[in-house]
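An overview of the molecular structure
Each chain is listed here by its residues.
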Amino acid sequence: MSDQYPSPYDQTGQGGPQQGGYGQQPEPTYSATPATMSAQQERTWGAISHAGAVVAMICSAGFLGFLASIAVYVVHKDRGPFVRAHAANSINVQISMFIWLVVATVLYVVLGIVTLGIGFVIFLPVFLVPLVVAGILHVIGAVKAYNGEWWNPPMTPQFVK
């Protein structure tokens with residue numbers, strides 16, 4: 001190329017830097033780390049991770065409780081250790097409940113077959129136990145999170161930390 005036709009990408013051509021030319025728009029700046037939350041915001045979002053799971057469990061008969069827990073964890077995990085811990089605990093309760101439901105299903109089928117069908121009727125309420133226990137753990141977790149207390153739910157392994 002000759003000097004007679006400056007490149008549109010050359011910013012030091014004739015007349016100094018080009019202003020407003022093709023491809024010369026300023027690039028937006030993005031923050032690499034999300035802003036931290038205040039203590040009150042962390043407490044509120046920690047409580048929402050548990051309370052949202054309970055509401056989702058009630059609305060979906062226990063099947064979608066994990067969605068609220070995962071949503072809070074994914075969005076707010078890097079914004080504070082308190083909200084991360086409570087959202088992780090909420091997910092752990094949901095994982096534990098799922099494992100208990102799988103175990104209950106296997107026992108239900110085995111006992112139903114062994115008792116020639118009578119067990120299918122008698123052991124049907126067994127499926128409510130994991131749901132009720134998870135609901136109670138979430139309510140306790142929501143209250144503790146809102147009060148600013150660190151808490152690990154009992155009978156719940158730490159799958160997510």
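What this report covers is the structure whose coordinates are included nearby. (Residues numbered from 1 in each chain as written. Predicted model: local features only at pLDDT ≥ 70, side-chain atom pairs only at ≥ 80, totals over all residues. Heavy atoms only, no water.)

1. A closer look at the overall build of the protein chain
Definition in use: Strands are runs of DSSP state E lasting at least two residues, helices are runs of H or I lasting at least four, and both sets are numbered from the N terminus onward. Burial classes: relative accessible area under 20% of the type maximum marks a residue as buried, over 50% as exposed, and values in between as partly exposed (1.4 Å probe, protein chains only).
Looking only at helices and strands, one finds 5 helices and 0 strands in the protein chain. Reading the helices (α) and strands (β) of the protein chain from amino to carboxyl end gives α-α-α-α-α. Expressed as a percentage of its 161 residues, the buried residues of the protein chain come to 32%.

2. Some details on the pattern of salt bridges
Basically, it comes down to this: Throughout this description, the term salt bridge denotes a Lys or Arg side-chain nitrogen within 4 Å of a carboxyl oxygen of Asp or Glu.
Inspection of every chain in the model, using the stated rule, returns 2 salt bridges. The closest approach of N and O atoms between arginine 84 and aspartate 78, which form a salt bridge, is 3.8 Å. Given the relative accessible area of 28%, arginine 84 is considered partly exposed.

3. As for the nonpolar core
For the record, the criterion: By nonpolar core we mean a set of buried residues, namely Ala, Val, Leu, Ile, Met, Phe, Trp, Tyr and Cys, connected to one another through side-chain atoms within 4.5 Å. It only takes one pair of heavy atoms within 4.5 Å for two residues to be counted as in contact.
Counting 8 residues, the largest nonpolar core is built from Met37, Val72, Tyr73, Val83, Ala87, Ala88, Ile91 and Val160. Elements represented by at least two residues in this core include exactly helix H2 (65–76) and helix H3 (81–114). In terms of residues, this core owes the most to one element, H3, which gives 4 residues. Contact partners of alanine 87, with chain neighbours within four places excluded, come to Ser49, Ser69, Val72 and Tyr73. Core analysis: the second largest hydrophobic core is formed by 7 residues, Met57, Met97, Leu101 and Trp151 among them.

4. Description of the packing of aromatic side chains
Spelled out, the test is: The criterion for an aromatic pair is that two Phe, Tyr or Trp rings (for Trp, the six-membered ring) have centres within 6.5 Å, with stacked assigned to planes under 30 degrees apart, edge-to-face to planes over 60 apart and tilted to the rest. The criterion for a charge sitting over a ring is simple: Lys NZ or Arg CZ within 6 Å of the ring centre, and within 35 degrees of the ring normal.
Counted according to the given criterion, the structure contains 3 aromatic pairs. Ring centres 5.1 Å apart and planes at 90° place the aromatic pair phenylalanine 82 and tryptophan 150 in the edge-to-face group. One end of the pair, phenylalanine 82, is in helix H3; the other, tryptophan 150, is in the segment after helix H5 (128–146), with 68 residues separating them in the sequence. Its relative accessible area of 7% is what places phenylalanine 82 among the buried residues. Ring geometry for tyrosine 108 against phenylalanine 120: centres 5.3 Å apart, planes inclined by 65°, an arrangement best described as edge-to-face. Residue tyrosine 108 is located in helix H3, and its partner phenylalanine 120 is located in helix H4 (residues 118–122); the two are separated by 12 residues in the primary sequence. Classification of phenylalanine 120 by relative accessible area gives partly exposed; the value is 32%. Feature note: the residues Tyr108, Phe120 and Phe127 constitute an aromatic cluster, connected by ring pairs. Positioned over the ring face of tyrosine 146 is arginine 43, at 6.0 Å from the centre of the ring.

Don't take any of this as a statement about function, it's just geometry.
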